[in-house]
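This is what each chain is made of:
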Amino acid sequence: MNISKSEQIIIKGISGSPGICIGKAYIVDKEGVNITKRYPVSDVQVSKEIDRFKQAVSKAKNDHAKVINSLDKDLGENLNILETHMVLFKDKMLYGKTIETISNDKINAEWALRKVSRKVKAIFQQIDDIYLQARANDIVQVSDKIMSYLVGAQDIKISDINKRVIIVAHDLSPADASQIQLERVKGFVTDRGGKDSHTSIIAKALRIPSVLGLGFAMISVENDDILIVDGSSGTLIINPDEDTLFEYEERMVRFEEYRAGLERESHLPAITKDGISLNLMANIELVEEVVAAKDYGAVGIGLFRTEFLYLDLKRFPTEDELLCKYKELVELMNPQSVTIRTLDINGDKVNPYLTTIEEANPALGLRAVRFCLENEDIFITQLKAIFRAAAFGNIKLLIPMISCVEEIIQVKQIMNKAILELEHEDKIFNGDIPLGVMIEVPSAVMIAEHLADHVDFFSIGTNDLIQYSMAIDRSNSQVAHLYQALNPAILKMIKMTYDAAKKKGVDLVMCGEMAGDPMNIPVLVGMGLTDFSMNSISIPVVKRMIRDLDTKKARKSVEKIMTLKCSQEISDFIIEEYRDILPFGETDE
């Protein structure tokens, strides 16, 4: 492999998925489109580029106008933002400067728009005025809409990449990541994103190294630069020198040997050194993932994220379409259990065909169970499909983002309506299935004992519990360092939930990404948790950790850990106490 003469650059980010890869950079922009610089060779071609830009602006502006016209005129600030964007489509700093750049620099419209929008954004961000700084985001959003028409983003996919590369992007949505072809893409890095984001989860499922939240990758990397992606430590190395390249080639071989050893042991049970048996299940999004779950030794499906059945279509699925998928899933897993989580839409998983009012804080808005309670017909359709599928296998029903007792009471009322409809339609079904709620907001922790009076089990969703408890956007690289599963506040909430479940006699499982990190296992087992659900790829390494673990020692460790005051103290303690059994790379300084 030829090494670039450029100086080696090291950028630290956030581990998205473990592993190491080495290869050439392939830069993609918004919507996974490769933006390249071209030089029109004549005045006629320059004129064509200007016309292309004007047409893209016109189409984007017309689309934006349709959105505004479809909304309630009493929407206040949200409507004002949209109307501000409308003005920006013809703003001199964006529209005028882009045309001027195409003409003066004799470059293609895409490259000119990118150059101008970045320059304008930088200007506004340097101004000591919060309102004007925020206007930089407006510029970027409008530029992105124009760019999508210039490059035909909707027709170009990451799946079209036809060479072995490492993707470099400002951001990748879960939909983008899921298009990755493993025989073509070695790994990816992004400027945005954080630990346990949905993009990270998909990267782990694909088993490709990724680093997120780098901040400056897009402006530091050029196409065909040689990159080293160390997903285990969250490091990107650009144009490595010979010594670094040699070191990481050796590390890559060692990691693959380590992973192969884990997979050979994946059939072994999850039993601690002192004979305590634990249950490790799989989190999945697609029925096709069942094969991997079984290969890695999952004893059931602890979380089936149903929203991806909705996002894959351009309409809401019918009851029979949902039944077909759920039935296939439970029959494949029978007699092992399948926990189906009801629709968790909106927030960071926006439904592309649903007309919704733009929310200033979508993560705190009409999402998950709130959306289902507001859209009872959609909810009943899903519940009926789940009850019908339960006649063919072992299903548990899980409700996301419950924040108060009133919500679970309302859910149960709608469940009864769904059952009455099925009885009236004389359909085969099983409405007597275990009901659980996700504990993923602080209020649910506080009232866990009250919630236990209405359900059969709790499922701790640590991804959102950490996000909401610590007031952290886990996809925001600027605050992602604060997203710590081992924060004392998080551990206390987990312990409170465990105590409430034990007191009330309801089952407890942890289905968040925290369960899939071996570093956390001594703490969780020491607290008393026995049931975990995680990304399938994490099961072998967690199993090995469990087989090397003594629960008596773990319980004593937890007594000490619960007295510690910060995440770093807890991490240091675990590394010191369990250095001999922590997996590859976990104890690296």
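Here goes a summary of the coordinates provided. In this text the structure is predicted, and so the values were computed from the model without any measurement.

1. What about the pairing of strand 12 (residues 395-399)?
- Burial runs high along strand 12: four of the five residues are buried.
- Two elements, strand 11 (residues 338-341) and strand 12, share four bridges in a ladder whose sense is parallel. Among the inter-strand pairings, Thr-339 is bridged to a residue of strand 12, identified as Lys-396.
- Of the pairings in the sheet, the one linking strand 12 to strand 13 (residues 435-439) comprises three bridges and is parallel in character.

2. Observations concerning the nonpolar core
- By size, the foremost hydrophobic cluster in this structure holds 112 residues, and its most contacted members are Phe-458 and Phe-532.
- Residue contacts for Phe-532: discarding those within four places in its chain leaves Leu-278, Asn-279, Leu-280, Met-281, Val-509, Met-510, Ala-515, Leu-524 and Val-525.
- Counting 23 residues, the second largest nonpolar core, distinct from the first, contains Tyr-95, Ala-112, Val-116 and Val-151.

3. Concerning empty space enclosed by the protein
- Under the criterion given, the structure shown has two cavities of 30 Å³ or more.
- For the second largest cavity, the calculated volume is near 30 Å³.
- Lining the second largest cavity, in full, are Tyr-258, Pro-518, Val-541, Arg-544, Met-545, Asp-548, Ile-581 and Pro-583.
- Considering every element that reaches the lining of the second largest cavity, the biggest residue donor is helix 21 (residues 539-547), with three residues.
- Among the residues making up the lining of the second largest cavity, the classes are represented as six nonpolar, no polar and two charged.

4. Some points on the sheet that holds strand 1 (residues 9-12)
- Spatial strand order, 1-8-7-3-4-5-6-2: eight strands in an open sheet with mixed pairing. Edge positions in the sheet fall to strand 1 and strand 2 (14-17), since each has one partner strand and no second. Averaged over all adjacent pairs, the angle separating strand axes in this sheet is 30°, with direction ignored.
- Direction of pairing for strand 5 (residues 185-190) relative to strand 6 (residues 210-212): parallel, over a ladder of two bridges. Of the residues in strand 6, the one forming a bridge with Val-189 is Val-211.

Rules and cut-offs
Residues numbered from 1 in each chain as written. Predicted model: local features only at pLDDT ≥ 70, side-chain atom pairs only at ≥ 80, totals over all residues. Heavy atoms only, no water. Buried < 20%, exposed > 50% of the residue type's maximum accessible area, 1.4 Å probe, protein only. Helix = DSSP H or I, 4+ residues; strand = E, 2+ residues; numbered from the N terminus. Pairing = 2+ DSSP bridges. Core = buried A, V, L, I, M, F, W, Y, C linked by side-chain atoms within 4.5 Å. Contact = heavy atoms within 4.5 Å. 1 Å grid on protein atoms, 1.4 Å probe; cavity = no way out; pocket = protein on both sides within 12 Å on 5 of 7 lines; lining within 4 Å. Points joined across faces, edges and corners; volume = space filled by probe spheres on them. Nonpolar A, V, L, I, M, F, W, Y, C, P; charged D, E, K, R; others polar. Axes fitted to C-alpha atoms, helices over the stretch in contact; angles between N-to-C directions.

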